[in-house]
Amino acid sequence: MSQTETSAGEIQFPKDFLWGVSTASYQVEGNNHNCQWSDWERQGRIRSGDACGAACDWWENADPDFDLAREMGLNALRLSVEWSRIEPEEGKWDSTALDRYRALLQGLRDRGIRPVVCLHHFTNPCWFEKQGAFLNPRALAQFECFTRYVVSGLHDLCDFWVTFNEPNVYAASGYVLGEFPPGGIGKVATALRVTSVLAQCHLLAYRALHELQPHAQVGWAQHYVVFQPVATMFDRWVAHLLNETFNETFLRLVEHGELPFPLRLLDGNARDVKGACDFVGLNVYNRLHVAFDLRNVEYMFGRIFVPDHAPQGDPGVERPYGEAYPQAVRVAVERVGRLRKPIYILENGVPDARDRIRPWLLVNVVKELHALIGEGHDIRGYFHWTLTDNFEWTEGWNLRFGLVELDPKTQIRKMRGSGFLMGQIARSNGLSHDLIARYADEPSTNHVRTAAPGCPAER
Ligand code: BGC
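The paragraphs below set out a description of the structure included in this document.

What counts as what
- Residues numbered from 1 in each chain as written.
- Predicted model: local features only at pLDDT ≥ 70, side-chain atom pairs only at ≥ 80, totals over all residues.
- Heavy atoms only, no water.
- Near = heavy atom within 4 Å.
- Polar contact = N/O pair within 3.5 Å; in protein donor to acceptor, adjacent residues only side chain to side chain.
- Phe/Tyr/Trp six-rings, centres within 6.5 Å; stacked < 30°, edge-to-face > 60°.
- Helix = DSSP H or I, 4+ residues; strand = E, 2+ residues; numbered from the N terminus.
- Buried < 20%, exposed > 50% of the residue type's maximum accessible area, 1.4 Å probe, protein only.
- Salt bridge = Lys/Arg side-chain N within 4 Å of Asp/Glu carboxyl O.
- Pairing = 2+ DSSP bridges.
- Contact = heavy atoms within 4.5 Å.
- Core = buried A, V, L, I, M, F, W, Y, C linked by side-chain atoms within 4.5 Å.
- Axes fitted to C-alpha atoms, helices over the stretch in contact; angles between N-to-C directions.
- Left-handed = near helix turned anticlockwise from the far one by under 90°.
- Nonpolar A, V, L, I, M, F, W, Y, C, P; charged D, E, K, R; others polar.
- Expected span 1.5 Å × (residues − 1).
- Arc of directions from axis to C-beta.

Describing the site of the ligand
Residues in close proximity to the ligand total 13 residues, the closest being Gln 27, His 121, Glu 166, Glu 392 and Trp 393. One of the side-chain nitrogen or oxygen atoms of Trp 385 is found 3.2 Å away from an oxygen atom of the ligand.

Re the packing of aromatic side chains
Scanning all chains against the criterion turns up 36 aromatic pairs. Look at Phe 134 and Phe 164: their rings are 5.8 Å apart centre to centre, the planes differ by 75°, and that puts the pair in the edge-to-face class. With Phe 134 in the loop between helix H6 (126-130) and helix H7 (139-154) and Phe 164 in strand S5 (residues 160-165), this pair connects stretches of sequence that are 30 residues apart. Judged by its relative accessible area of 1%, Phe 134 is buried. When its relative accessible area of 1% is taken as the criterion, Phe 164 is described as buried.

Describing the pattern of salt bridges
Following the criterion strictly, the structure yields 34 salt bridges and no others. Across the pair Asp 378 and Arg 380 runs a salt bridge, and its minimum N-O distance is 2.9 Å. Within this structure, Glu 244, Glu 248, Arg 252, Glu 255 and Arg 335 form a network of salt bridges that share partners.

Structural notes on the pairing of strand S8 (residues 302-305)
Burial along S8 is two-sided: the face carrying Gly 302 and Ile 304 and the face carrying Arg 303 and Phe 305 are both buried. Where strand S7 (residues 279-292) lies against S8, four bridges are found, and the strand directions are antiparallel. Looking across to S8, one finds that Phe 292 is bridged to Gly 302.

Quick look at the environment of Ser 418
By secondary structure assignment, the location of Ser 418 is in helix H14 (residues 417-428). Separated by 55 residues in sequence, Ser 418 and Val 363 have C-alpha atoms that sit 9.6 Å apart. Those residues within four positions of Ser 418 in sequence are excluded, and the remaining contacts are Asp 355, Arg 358, Pro 359, Leu 362 and Leu 403.

Focus on the nonpolar core
The biggest cluster of nonpolar side chains holds 137 residues, and the ones touching the most others in it are Trp 19, Leu 77, Phe 134 and Trp 161. If one sorts the elements of this core by residue count, helix H9 (residues 188-212) sits on top with 11 residues. When near neighbours in sequence (up to four residues on either side) are disregarded, Phe 134 contacts Trp 83, His 120, Asn 124, Phe 128, Ala 139, Phe 143, Phe 164, Tyr 170, Val 197, Leu 198 and Cys 201. If you look at the next biggest cluster of nonpolar residues, it comprises 11 residues, including Ala 76, Val 116, Phe 160 and Tyr 344.

A few points about the packing of H7 against H9
Remark: H7 packs on H9, axes separated minimally by 9 Å, with the N-to-C direction vectors making an angle of 30°. The crossing of H7 and H9 is right-handed. Contacts between H7 and H9 involve Ala 139, Leu 140, Phe 143, Glu 144, Thr 147, Arg 148, Val 151 and Ser 152 from the first element and Val 197, Gln 200, Cys 201, Leu 204, Ala 205, Ala 208, Leu 209, Glu 211 and Leu 212 from the second. Tallied by class, residues from the contact of H7 with H9 come to 11 nonpolar, three polar and three charged.

Quick look at H7
The first and last C-alpha atoms of H7 sit 22 Å apart over 16 residues, in line with the 22 Å expected at 1.5 Å per residue. Those residues of H7 that sit buried are Ala 139, Gln 142, Phe 143, Phe 146, Thr 147, Val 150, Val 151, Gly 153 and Leu 154. Angular distribution of buried residues about the axis of H7 spans 165°; they occupy a single face of the element. Buried residues along H7 sit in contact with helix H4 (83-86), helix H5 (95-110), strand S4 (114-120), H6, S5 and H9.

A look at the side chain of Gln 142
Relative to the elements of secondary structure, Gln 142 occurs in helix H7. The class for Gln 142 is buried, based on a relative accessible area of 6%. Those residues within four positions of Gln 142 in sequence are excluded, and the remaining contacts are Trp 83, Glu 90, Trp 127, Phe 128, Gln 131 and Asn 136.

Here is the structure:
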């Protein structure tokens, strides 16, 4: 029997392991009308045609969801602060917004839940966006001011900070794929520039945080996709290229202060950023299969697809979701382990309104994490995306990632089976062999098409 296995047949996690859920301001608060995403919505860019509306109503009342998190036995919850509420006009600070965040953090602490605060989760105030967002030379100073204001106001309630959520997704979706505002398509050099500015902002926030709160834990959330080449040397070459431009850009700036070669010749180096993190946060969802295809110039000659037999979440309005692949956390952890910092899985989940495959994914990811810890990886927490169904960006209410089902019109909530399961795992700080056996087999799937988000359909 291993050290972390009990006689009752449970695999056990280390004592202070964090079991949490992750959320983001725009997706849960409701009635955010002053950021670039609300503009994007007004321009009709939400594919499902939905409106964010009251979302999960957290700005008015987060108690129902915080109570559910406590009932599940979670000991951590990640939320983000909405810059457009805190600084609605440049240089004008709204202390009542900060007070609302104080109340939210206090509400979590009162329930024995450790708050994790993310400073930037995709949304920018309209005034900042109009000035060119992170392409405006003043962005660095503006983001630092915002950071200092937030940290000065919240430091007695939180000491665990994520500077940016998924800088690679923000840059790729906003400047290459046209999926996020400002809707740029194919602007690879601009995306690299944005990535480097985000890295420099991250560094300024990292330094400001440590100045204001020396014991703070500061990191970022790295989205990591596994690009699986089909077979040939050419497939491997394209998968490598996609990996370098998507997974390795921001990550390499923090690891080495420069982008991978040859991207570093284009733009986007930030030498001082090297080493600026206390932990690495990982957001891991998908594996995508890659085949060389000369027709797909826009995807670096790669055809990206998910084989029909692979477990897959519910389809998006225009495209299916990627392959749900529990071992993706292994690939990601082994990669970021090279930074020799503690690792937190800060997001993992699947859109699955009927809970077809979420329980299987959850159990097998947790099992994989336990194995990785046993192999010596310093993994300190698992945060599921997400607690309650929330507004899924361009997909609106079409994709449901919640452990709890939400009817956004009535605000009625109902715990899904996977919510009870997450509770069982969190409360026991482990996984029973019964559960492992029950979810050992890959679920059969019944999805529709074969391409993945942001990728052309298989031709
Ligand atoms: C983002 C979340 C999003 C989730 C599911 C992550 O990349 O951080 O905001 O809802 O994926 O698509």
